[in-house]
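Here is what each chain is made of, one letter per residue.
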Amino acid sequence: MLKMGSTPDKREQYRLMRDAMEKRFIRVAKGSLVGGARLGMFTATFFGIQNLLIDTRGVHDVFNIAGAGSATAAAFGLILPGSMMWRARNVLVGSALGAGICFPLGWIQLKLAEKANLEIAKSKPSSNLEGKGNQSRVGAAIERLEGSLKK
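Computed from a prediction, not measured in an experiment: that's the story for all the values here.

*Asks:* I'm lost on the UniProt feature "transmembrane region" (unreviewed entry) in the protein in this one. Help?
*Replies:* Cross-referencing UniProt, the feature "transmembrane region" (unreviewed entry) maps to residues 25-50, 62-80 and 92-110 in the present numbering. From the first C-alpha to the last, residues 25-50 spans 37 Å; its make-up is 100% helix and 0% strand.

Here you go:
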């Protein structure tokens, strides 16, 4: 970046500073777009493989999540630049790290989902009579409107 006073003309100084700031902004914006696209591709690949495994195996468990993490990390290790030996090393390391990281995270996710489903089942009323006291304002307004329309 140019220092103030490097040229005698003030307008030239400001133009040079503006050009430098524009180049910096473009560089940061380009990096953000490229990083966002890479993250989006990684996420889409992971969840696509996970859903494929769920459909193929017919069960949603920790092994689907670990397998998707392993396959995604291996695929992205394969597309990194370098020689074939370097890429093979990246595939093996990515596969091991993907499975090692995704297995405990998948286990935690499934346990939290089970706990949430139990809480939802406990909070739902078993019949409409019990639900009258635990009803939201929106539900009560909808029932009043239905009652007035039936008259």
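*Asks:* What's the story with the packing of aromatic side chains in this structure? I'm lost.
*Replies:* Pairs of aromatic rings are described using the distance from one ring centre to the other and the angle between the two planes. For the structure shown, the criterion picks out three aromatic pairs. Judged by centre distance (5.0 Å) and plane angle (85°), the ring pair of Phe-46 and Phe-47 falls under edge-to-face. A relative accessible area of 13% means that Phe-46 is categorised as buried. Directly above the ring of Trp-86 sits Arg-89, whose terminal nitrogen or CZ lies 4.6 Å from the centroid.

*Asks:* Just to check I follow, could you spell out the nonpolar core for this structure?
*Replies:* The nonpolar side chains of a soluble globular protein tend to be buried with one another. Grouped together as the largest cluster of nonpolar side chains are six residues: Phe-46, Val-62, Ile-65, Ala-68, Cys-102 and Leu-110. Those elements that provide at least two residues to this core are α2 (62-78) and α3 (84-123). Element by element, the count of residues in this core is highest for α2, at three residues. Among residues more than four places away in sequence, those in contact with Ile-65 are Phe-46, Gln-50, Cys-102, Gly-106, Gln-109 and Leu-110.

*Asks:* Just to check I follow, could you spell out the packing of α2 against α3 for this structure?
*Replies:* Angle between the axes and distance between the axes: these two values describe a pair of packed helices. At a closest axis distance of 6 Å, the pairing of α2 and α3 adopts a crossing angle of 155°. When the interaxial angle is binned, α2 and α3 end up roughly antiparallel. Considering how the two elements wind past one another, α2 and α3 form a crossing that is right-handed. Here the contact of α2 with α3 is built from residues that sort into 13 nonpolar, nine polar and one charged.

What counts, and where the lines are drawn
- Residues numbered from 1 in each chain as written.
- Predicted model: local features only at pLDDT ≥ 70, side-chain atom pairs only at ≥ 80, totals over all residues.
- Heavy atoms only, no water.
- UniProt positions renumbered as here; feature names shortened; annotations may be inferred.
- Helix = DSSP H or I, 4+ residues; strand = E, 2+ residues; numbered from the N terminus.
- Phe/Tyr/Trp six-rings, centres within 6.5 Å; stacked < 30°, edge-to-face > 60°.
- Buried < 20%, exposed > 50% of the residue type's maximum accessible area, 1.4 Å probe, protein only.
- Lys NZ or Arg CZ within 6 Å of the ring centre and 35° of its normal.
- Core = buried A, V, L, I, M, F, W, Y, C linked by side-chain atoms within 4.5 Å.
- Contact = heavy atoms within 4.5 Å.
- Axes fitted to C-alpha atoms, helices over the stretch in contact; angles between N-to-C directions.
- Parallel < 35°, antiparallel > 145°, perpendicular 65-115°, else oblique.
- Left-handed = near helix turned anticlockwise from the far one by under 90°.
- Nonpolar A, V, L, I, M, F, W, Y, C, P; charged D, E, K, R; others polar.

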